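Chain residues, written in single-letter form:
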Amino acid sequence: MPSLLGTTPPWDLESVQVARGRSKRLVEIWIATDALAAAFLRQGRRLVWDHWRLALESQETFERLVASWRSDGRLRNDDATLVRIWLE
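The text that follows walks through the structure, step by step, so that each part is easy to find. Keep in mind that this is a model prediction, so the values were computed, not measured.

Criteria and thresholds
- Along each chain, numbering runs from 1 in the same order as the chain's sequence is written.
- Per-residue local features of the predicted model are confined to residues with pLDDT of at least 70, and side-chain atom pairs are confined, for both listing and counting, to 80 or more; whole-chain, interface and lining totals are unaffected and use all residues.
- Water and hydrogen atoms play no part in the side-chain values, which are based on all heavy atoms of the structure.
- Here, a salt bridge means any Lys or Arg side-chain nitrogen found within 4 Å of an Asp or Glu carboxyl oxygen.
- Secondary structure elements are taken from DSSP: a helix is a run of H or I of four residues or more, a strand is a run of E of two residues or more, and numbering for both begins at the N terminus.
- Exposure categories follow from relative accessible area, calculated using a 1.4 Å probe and restricted to protein chains: below 20% of the type maximum is buried, above 50% is exposed, and the middle band is partly exposed.
- Here is the rule: rings of Phe, Tyr and Trp (six-membered ring for Trp) pair when centre to centre is within 6.5 Å. Planes less than 30 degrees apart are stacked, more than 60 are edge-to-face, and the remainder are tilted.
- Residue contacts follow a heavy-atom distance rule, with two residues in contact if any of their heavy atoms lie within 4.5 Å.
- Here the term patch refers to residues with relative accessible area over 30% and no salt bridge, with like charges joined within 9 Å and nonpolar side chains (Val, Leu, Ile, Met, Phe, Trp, Tyr) within 5 Å.
- Residue exposure ignores everything except the shown protein chains as possible cover, and the areas themselves are Shrake-Rupley values with a 1.4 Å probe.

1. Focus: the pattern of salt bridges
Thinking step 1. With the rule as written, the count across this model stands at 7 salt bridges.
Thinking step 2. Of the charged contacts, one joins Asp50 and Arg53 as a salt bridge, the two residues approaching to 3.2 Å between their closest N and O atoms. Residue Asp50 and its partner Arg53 are both found in helix H2 (residues 46-55); the two are separated by 3 residues, about one turn of the helix.
Thinking step 3. For Asp50, a relative accessible area of 34% corresponds to the partly exposed category.

Structure, rendered in structure tokens:
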């Protein structure tokens, strides 16, 4: 289970991990608000990430996927923010 950090203090700094080094391949990091993170973890399949990769192509596709997941009950009606970061 990934570490979760709240938006208000006090933060559980023991759950924060810092690492330094070099990677021989591209590293991909996803940061999601709690509603999206919970929905992803419930799905538990690689296919979920493929859908959201496509959704990040534009604001419109992201909004459509959020609306679709909300309407079928996979995502609660809460703020939805998703950030995808690549590190080399």
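2. Looking at the packing of aromatic side chains
Each aromatic ring pair is characterised by the separation of its centres together with the angle its planes make.
Thinking step 1. In this structure the tally under the stated criterion is 4 aromatic pairs.
Thinking step 2. With 5.4 Å between their ring centres and 65 degrees between their planes, Phe40 and Trp52 make a pair best called edge-to-face. Of this pair, Phe40 sits in helix H1 (residues 34-43) while Trp52 sits in helix H2; the two residues are 12 residues apart in sequence, bridging distant segments of the chain. We note that Phe40, like Trp52, is buried.
Thinking step 3. Centre to centre, the rings of Phe40 and Trp69 are 6.3 Å apart; their planes meet at 85 degrees, and the pair counts as edge-to-face. Of this pair, Phe40 sits in helix H1 while Trp69 is found in helix H3 (residues 59-71), placing the two residues 29 residues apart along the sequence. Each of the two residues, Phe40 as well as Trp69, counts as buried.
Thinking step 4. Members of the aromatic cluster, each reached through a chain of ring pairs, are Phe40, Trp52, Phe62 and Trp69.

3. Remarks on the side chain of Gln43
Thinking step 1. Here Gln43 lies in helix H1.
Thinking step 2. Note on Gln43: relative accessible area 19%, which makes it buried.
Thinking step 3. When near neighbours in sequence (up to four residues on either side) are disregarded, Gln43 contacts Val48, Trp69 and Arg74.

4. Describing a nonpolar patch on the surface
Thinking step 1. Together, Val27, Ile29, Ile31, Val83 and Leu87 make up an exposed nonpolar region whose accessible area comes to about 350 Å².
Thinking step 2. Contributions of two or more residues to the nonpolar patch are made by strand S1 (27-32) and strand S2 (82-87).
Thinking step 3. Tallying contributions element by element places S1 first for the nonpolar patch, with 3 residues.
Thinking step 4. Residue placement: Val83 occurs in strand S2.

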